[in-house]
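# Coordinate analysis (summary)
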Amino acid sequence: MAIYAHLGRAMAARRTSLGLTQQDIADRIGVSRASIANVERGRQKVLLHQVYAMARVLALQSITDLVPATLPKSDTPASVSMLNIDPGGFSEVQLSDLERLVRSALGPEKVDAPR
Amino acid sequence: MTTFKQRAREEARRILAEYGDVSIPVPVEKIIKKRGIRVQFSPLDQELSGMALIKDGVGIVGVNALHHPNRQRFTMAHELGHHILHQQKINGTAHVDKGFAILLRDTEASQGTNRMEIEANTFASELLMPTMLLAPLIDTTGFDLDDVEQLQMLAKRFKVSLSALQFRLLALS
């Protein structure tokens, strides 16, 4: 997903500018160097609390220096697939609201059911 | 020419009959739920009224919770209309409704989406203001169809908007 590639690039750029190695970051967060390498390549999905930890060790004020404020367009087709409608006539907000409505109607237990 | 409208009205009467004894205001939410369809109220963009969808066999009626309660009732009845009349079209594909007003016009009734909307509106109109419950109230002497105050009181009893009632009365006459 584009969001993880975005995060990885932002992390790597900030780390390099601070003159730190992947091992430095790994030690301070408490994960393996390989994990940091994978995250920087956008191959590993990080947990939310880890994003805050990364912002902290990279001396950033806010996690929004690492992640965009809203999900990139390419990461939102889920809303279309759930509704299975032509998204043409609707705004992104309308689509995500409708998506949320359908998910609520179906109940939380079915939201992330594996296929 | 208006047979498809008659069919929509007949379907609404059938649904009411299946529910059982109905008095005004017609309990539209209960009628939908009794049919095993889920009703979900959720804040939506002002432009959107509601939606109908059958997802993996589960019927869903979505309603814009930010609209006036009378409007929400009409939306529910309209979406139930899609479930009853257009089951195949909403199976797996969400049908989203954006305002109903312009679609009440007969001139665009010929085919396609507009026809679907007119059918759903006709269904909703009959469901919320059934002929058998409405006719006795306006046939009484002293009821003046041009008296807005009287119409407003009648609309209140049915929990519908004044315009929905006026449209219904046009169809009745």
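The structure we're discussing is the one just above.
Now for a quick tour of the structure. (Residues numbered from 1 in each chain as written. Chains lettered and ligands numbered in written order. Predicted model: local features only at pLDDT ≥ 70, side-chain atom pairs only at ≥ 80, totals over all residues. Heavy atoms only, no water.)

Attention now goes to the environment of Arg71 of chain B. Residues and elements named next belong to chain B. Along the polypeptide, Arg71 turns up in helix α3 (residues 69-85). For Arg71 and Ser161, which are 90 residues apart along the polypeptide, the C-alpha to C-alpha distance reads 7.0 Å. Look past the residues within four positions of Arg71 in its chain and what remains in contact with it is Ser49 and Gly99. (Helix = DSSP H or I, 4+ residues; strand = E, 2+ residues; numbered from the N terminus. Contact = heavy atoms within 4.5 Å.)

The subject of this paragraph is the pattern of salt bridges. Residue and element names in this part refer to chain B. What the rule picks out here adds up to 12 salt bridges over all chains. The salt bridge involving Glu11 is made with Arg14; its shortest N-O contact spans 2.8 Å. Taken as a pair, Glu11 and Arg14 lie in helix α1 (residues 3-19) at a separation of three residues, close to a single helical turn. The exposure class of Glu11 is buried, given its relative accessible area of 17%. Note that Lys33 is salt-bridged to Glu29, the shortest N-O span being 2.8 Å. Of this pair, Lys33 and Glu29 are both found in helix α2 (residues 28-34), four residues apart, which corresponds to roughly one turn of the helix. One salt-bridge network, held together by shared partners, links Arg9, Arg13, Glu126 and Arg168. (Salt bridge = Lys/Arg side-chain N within 4 Å of Asp/Glu carboxyl O. Buried < 20%, exposed > 50% of the residue type's maximum accessible area, 1.4 Å probe, protein only.)

Next up on the list: the nonpolar core. Generally speaking, soluble globular proteins have nonpolar side chains that are buried together. Formed by 35 residues in total, the largest nonpolar core has its most connected members in Leu80, Phe123, Leu127 and Leu165 of chain B. Looking at this core, the elements that each hand over two or more residues are α1, α2, β3 (58-64), α3, α4 (112-128), α5 (131-139), α6 (148-158) and α7 (162-172) of chain B. With near-sequence residues (within four places) excluded, Leu165 of chain B lies in contact with Met129, Leu134, Leu151, Leu154, Ala155 and Val160 of chain B. If you look at the next biggest cluster of nonpolar residues, it comprises 20 residues, including Ile29, Val39, Met54 and Leu60 of chain A. (Core = buried A, V, L, I, M, F, W, Y, C linked by side-chain atoms within 4.5 Å.)

For interface size, the figure often reported is the accessible area lost on association. Tallying the contact residues gives 20 residues for chain B and 18 residues for chain A. Interface area for chain B against chain A, summed over the two sides, is near 1700 Å², with a carbon-plus-sulfur share of 61%. Applying the counting criterion to the chain B and chain A interface returns zero salt bridges. Viewed at the interface, chain A and chain B are joined by 10 residue pairs in polar contact (both at pLDDT 80 or more). Elements with a minimum of two residues in the side of chain B that touches chain A: β1 (38-42), β2 (48-55), β3 and β4 (95-98) of chain B. Residues belonging to the side of chain B that touches chain A are distributed by class as follows: 10 nonpolar, five polar and five charged. (Buried area = accessible area lost by both parts, 1.4 Å probe. Polar contact = N/O pair within 3.5 Å; in protein donor to acceptor, adjacent residues only side chain to side chain. Nonpolar A, V, L, I, M, F, W, Y, C, P; charged D, E, K, R; others polar.)

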